[in-house]
Amino acid sequence: MASEVVAHDPEKAVANATTSSSVSDGSHETASVPASEKALSGLQKLNARIEGLSGFEARGISRVMPDERQPPSLWDDISISLLWFSANISVNNLAVGLFGPLLFGLGFLDSAMCAIFGGLLGSISTAYMSTWGPQSGNRTMVVLRYFFGYWPAKVPAFLNIILMLGYCTIDAIISGQMLSAVNGGTMSIAVGIVVVQIVCLGVTVFGMKFFHQYERFAWIPQLMVLFVLIGCAAPHFDTTTTSTGDGPTLAANRLSFFSLCLYVPNSWGAAASDFYVYYPEKTSRVKIFSLTLAGLWTAFALVYMLGIGLGTGIINNPAWHDANAISTGALIVAGYGPLGGFGLFCGVIIALGVISNSIPGTYSAALNCQTLGRYGKVVPRYVWSIVMIVIQLALALAGRESLFAIMSNFLALMGYWVQIMVVIVLLEHLVFRRVGSGGPGFDWTRWEDKQYLPLGFAAMTSFLLGWLGAVLGMYQVWYTGPLAVLAGFADVGLWVGCGFSIVSYLPLRWIELKYIGR
């Protein structure tokens, strides 16, 4: 998608110019030059050589100017949907569907309705955030500075690093589990984790061009083996199962699973603009929104339904029950059981498919590290990508035996803040900066101007109040908020948190504009 632009990356020209200058100056150096300066010069030369590789993306968080964007094309438009579809038809998202029947005791119909419409709402949130990429030419957390302010925006950036690391860790664990199950347990989960991380490293280090080329075609084998799984495992799905529990309990479980299915596609909202900065500035917001929504929702609807089906089949299928007791990955491999060797081959393909999900998460986390401050910014993007891979590898190896617990605790907890952030952006956009309302517009060239960007008092206060509401309403294994108890032990953290933010942001922002003016 960015292949045309990467070849004309102005940051490469700057890097090369800097290196050339260093080489020229070095020709007149004497032996008295400190060793530290020689080492720095050597690192600069090495960095310029790496960034000069064909197809390598040297750009970090700096804005992509309009004249640096790629020309519009039908293929690039199609790639919008393919990116999200490819990245999300992975088994880690399929595993979320298991929670409906297994954790919340919901029947097939209840689980399906919650998954489909929860996925739709979460996809809408991410699709909205994606529209800022072409318009601004800035990455998501840089765009957020125009809503939160320069300093407060670092908080969501840090949270998004944690979020992306968490999801990529889950990707690595479940892939390792599946590769281990395919080999009958003779290969350890750790080996599978390492294999996935190595492939992910190779793509994320090179950046946007390789990333989009990979996502354009990675969905094809993934979709094929998922259809094979449907044909093989669907006869064992129990679509007649009914939900358990009395009225209040059932309502609480429905809301909790609905919210969980919302959290996962919604979590991409904190990274959505990162992948559109090379699109033309005048690209239709409606087109970006619609194509993003189509790719996301289609992918999540497919894998959620597969996960729900597998979950309903566990009760009446002893082989699936035993496999699920080993790991989630083993359960999915067991679904291919009747196909013998070909089923194991399909298991390998679907296990490696999580790489498509890990690549954008790692890429976004690396960019977020550059937004944390000037020291983070001077470290090249590809170096941060390597650091992120190493951290994911360490976390995955440490938590490889506890995937189900990690997912049930992590997914919901990290889903709260993203939606609160989106609510604040939406309010600022529609209420205070709506076209024709007389409010200030956006000067996207001033993304580092602290005197231009808002102070962020209103946004940060509302964000923290939203978190307070989320804590009061959350229902997790390790904590139950008082409002969750009143709601029949339903996870209402997202809804209470968003409500707190809406009620507080509007008056606080009005005060901020009146007395501070930005």
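Counting restarts for each chain: residues are numbered from 1 in the order of the written sequence. Given that the model is predicted, a residue must reach a pLDDT of at least 70 before its local features are reported, and side-chain atom pairs must reach 80 or more before they are shown or counted; all residues, however, enter totals for whole chains, interfaces and linings. The side-chain quantities take in all heavy atoms of the structure and omit both hydrogens and water.

(A) Structural context of the overall build of the protein. Numbering of helices and strands runs from the N terminus; a helix is a DSSP stretch of H or I covering at least four residues, while a strand is a stretch of E covering at least two. Secondary structure assignment for the protein yields 25 helices and 0 strands. Relative to its full complement of 518 residues, the protein shows a buried share of 58%. We call two residues in contact whenever any of their non-hydrogen atoms come within 4.5 Å of each other. Restricting the contact set of the protein to residue pairs at least 6 apart, pairs at least 24 apart contribute 85%. Only the protein chains shown count as cover for residues, and all accessible areas are computed by the Shrake-Rupley method using a 1.4 Å probe. As presented, the protein carries roughly 19,800 Å² of accessible surface, and 70% of it is formed by carbon and sulfur atoms. Only protein chains enter the area calculation, which uses a 1.4 Å probe; residues under 20% of their type maximum are buried, those over 50% are exposed, and those in between are partly exposed.

(B) Focus on the side chain of Arg145. Tracing the chain through its elements places Arg145 in helix 10 (residues 145-148). One buried charged residue, Arg145, forms no salt bridge at all, with the nearest opposite charge on Glu448 at 4.8 Å. Looking at Arg145, its side chain comes within polar contact range of the main-chain oxygen of Trp447, at 3.1 Å. The contacts of Arg145, once residues within four sequence positions are left out, are Ile61, Tyr150, Ala153, Thr371, Trp447, Glu448, Leu453 and Pro454. Working convention for charge: Lys and Arg count positive, Asp and Glu count negative, and His plus the chain ends are omitted. Think of a salt bridge as a Lys or Arg side-chain nitrogen and an Asp or Glu carboxyl oxygen that are within 4 Å of each other. Here a polar contact means two N or O atoms within 3.5 Å. Within protein one must be a hydrogen donor candidate and the other an acceptor candidate, and residues neighboring in sequence count only if both atoms are side-chain atoms.

(C) Focus on the packing of aromatic side chains. Ring geometry is summarised as follows: Phe, Tyr and Trp rings, the Trp one being its six-membered ring, pair when their centres sit within 6.5 Å, and such pairs are stacked at plane angles under 30 degrees, edge-to-face over 60 and tilted between the two. In total, this model carries 25 aromatic pairs according to the counting rule given. Ring geometry for Phe104 versus Phe257: centroids 5.9 Å apart, planes at 50°, classification tilted. Here Phe104 is found in the loop between helix 6 (99-102) and helix 7 (108-130), whereas its partner Phe257 is found in helix 14 (residues 247-266), with 153 residues between them in sequence. Considered together, Phe104 and Phe257 belong to a single accessibility category, that of buried residues. Measuring from centroid to centroid gives 5.3 Å for Trp132 and Phe147, while their planes differ by 70°, and the two rings are edge-to-face. Here Phe147 lies in helix 10 and Trp132 lies in helix 8 (residues 132-136), a separation of 15 residues in the sequence. The exposure classification of Trp132 matches that of Phe147, with both residues buried. Over the ring of Tyr515 we find Lys514, and its NZ or CZ is 5.8 Å from the ring centre. Only when the NZ atom of a Lys or the CZ atom of an Arg is both within 6 Å of the ring centre and within 35 degrees of the ring normal do we say a charge sits over the ring.

(D) Geometry of the pattern of salt bridges. A full pass over the atoms with the stated rule returns 10 salt bridges. The salt bridge partner of Glu281 is Arg63, with a shortest N-O separation of 3.8 Å. Taken together, the residues Glu281 in the loop between helix 14 and helix 15 (285-313) and Arg63 in the loop between helix 3 (35-51) and helix 4 (74-88) connect sequence positions 218 residues apart. Classification of Glu281 as partly exposed rests on a relative accessible area of 29%.

(E) Layout of helix 21 (residues 381-398). Compared with the 26 Å implied by 1.5 Å per residue over 18 residues, the 26 Å span of helix 21 between its first and last C-alpha is a close match. When helix 21 is considered as a whole, its buried residues turn out to be Arg381, Tyr382, Trp384, Ser385, Met388, Ile389, Gln392 and Ala396. Summarising the axial view, the buried residues of helix 21 lie within an arc of 145°, below the 170-degree limit, and thus occupy one face. Residues of helix 21 that are exposed and point more than 90 degrees away from the buried face comprise Val390 and Ala398. Helix span is expected to be 1.5 Å times the residue number reduced by one. Working definition: the arc comes from the directions between the helix axis and the C-beta atoms, pointing outward to the latter.

(F) Representation of the packing of helix 23 (residues 457-473) against helix 25 (residues 493-515). In this description, a line fitted to the C-alpha atoms serves as the axis of each element, helices being fitted only across the stretch in contact, and the angle between N-to-C directions of two axes falls anywhere from 0 to 180 degrees. It is the contact of helix 23 with helix 25, at a shortest axis distance of 7 Å, that shows an interaxial angle of 160°. Considering the angle they form, helix 23 stands roughly antiparallel to helix 25. Helix 25 is crossed by helix 23, and the crossing has right-handed handedness. For the pair formed by helix 23 and helix 25, the contact residues are Phe457, Ala458, Ala459, Thr461, Ser462, Leu465, Gly466, Gly469, Ala470, Leu472 and Gly473 on the first element and Gly493, Val496, Gly497, Phe500, Ser501, Ser504, Tyr505, Leu508, Arg509 and Glu512 on the second. Each residue is assigned to one of three groups, with Ala, Val, Leu, Ile, Met, Phe, Trp, Tyr, Cys and Pro labelled nonpolar, Asp, Glu, Lys and Arg labelled charged, and all others, Gly among them, labelled polar. The residue inventory of the contact of helix 23 with helix 25, partitioned by class, reads 10 nonpolar, 9 polar and 2 charged. Relative orientations are named as follows: roughly parallel for angles under 35 degrees, roughly antiparallel for angles over 145 degrees, roughly perpendicular for angles from 65 to 115 degrees, and oblique for any other angle. Here is the rule for handedness: rotate from the far helix to the near one, and if that takes an anticlockwise turn smaller than a right angle the crossing is left-handed, while a clockwise turn gives right-handed.

(G) Local environment of the environment of Val492. Mapped onto the fold, Val492 is located in the loop between helix 24 (482-486) and helix 25. Those residues in contact with Val492 that lie beyond four places of it in its chain are Leu255, Gly473, Leu483, Ala484 and Ala487.

(H) Structural detail: helix 18 (residues 341-352). Relative to the 16 Å expected for 12 residues at 1.5 Å per residue, helix 18 spans 17 Å between its end C-alpha atoms, a close match to the ideal helical length. Of all the residues in helix 18, the buried ones are Gly343, Cys346, Gly347, Ile350 and Ala351. Looking straight down helix 18, one finds its buried side chains confined to an arc of 135°; they lie on one side. Looking at the buried positions of helix 18, the neighbouring elements they touch are helix 5 (91-97), helix 11 (154-182), helix 13 (208-233), helix 17 (328-335) and helix 19 (354-370).

(I) Representation of a nonpolar patch on the surface within the structure. Together, Leu74, Trp75, Ile78, Phe217, Ile220 and Met224 make up a nonpolar patch on the protein surface, roughly 610 Å² of accessible area in all. Of all the elements in the fold, those that place two or more residues in the nonpolar patch are helix 4 and helix 13. Of note, Phe217 is situated in helix 13. By definition, no residue in a patch forms a salt bridge, and every one has over 30% relative accessible area; like charges are joined within 9 Å, nonpolar side chains (Val, Leu, Ile, Met, Phe, Trp, Tyr) within 5 Å.

(J) Geometry of the nonpolar core. The set of buried Ala, Val, Leu, Ile, Met, Phe, Trp, Tyr and Cys residues whose side-chain atoms join them within 4.5 Å is what this entry labels a nonpolar core. Membership of the largest hydrophobic core comes to 126 residues, with the highest contact counts inside it found for Trp132, Phe148, Phe257, Trp417, Met421 and Phe463. Membership of the second largest hydrophobic core comes to 5 residues, among which are Ala172, Ile173, Ile193 and Ala396.

(K) Local environment of the state of the cysteines. Working definition: a disulfide is two cysteine sulfur atoms within 2.5 Å of each other. The full count for this structure, using the stated rule, is 0 disulfides. No disulfide involves Cys232; its nearest neighbouring cysteine sulfur is the one of Cys346, lying 8.6 Å away.

(L) Geometry of the confidence of the model for the protein. The quantity called pLDDT is the predictor's confidence in a given residue, expressed from 0 to 100. Chain-level statistics for the protein give a pLDDT mean of 85 and a share of 86% at 70 or above. Every residue in residues 1-31 scores below 50 in pLDDT, and together they form 46 contacts with partners more than four places removed in sequence or on other chains.

(M) Geometry of the side chain of Ser462. Residue position: Ser462 is located in helix 23. Ser462 sits in the buried class, given a relative accessible area of 0%. One polar contact links Ser462 to Ser504, side chain to side chain, over a distance of 3.2 Å. Setting aside its immediate chain neighbours within four residues, Ser462 contacts Ile424, Ser501, Ser504, Tyr505 and Leu508.

(N) Quick look at the environment of Gln213. Take Gln213: it is sitting in helix 13. Between the C-alpha atoms of Gln213 and Val203, which are 10 residues apart in sequence, the distance is 9.7 Å.

(O) Region of interest: the packing of helix 11 against helix 21. Running from amino to carboxyl end, helix 11 crosses helix 21 at an angle of 55°, the nearest separation of the two axes being 9 Å. Overall, the two elements helix 11 and helix 21 adopt an arrangement that is oblique. Where helix 11 crosses over helix 21, the two elements pack in a sense that is right-handed. Seen from helix 11, the contacting residues are Ile161, Leu165, Cys168, Thr169, Ala172 and Ile173; seen from helix 21, they are Met388, Ile391, Gln392, Leu395 and Ala396.

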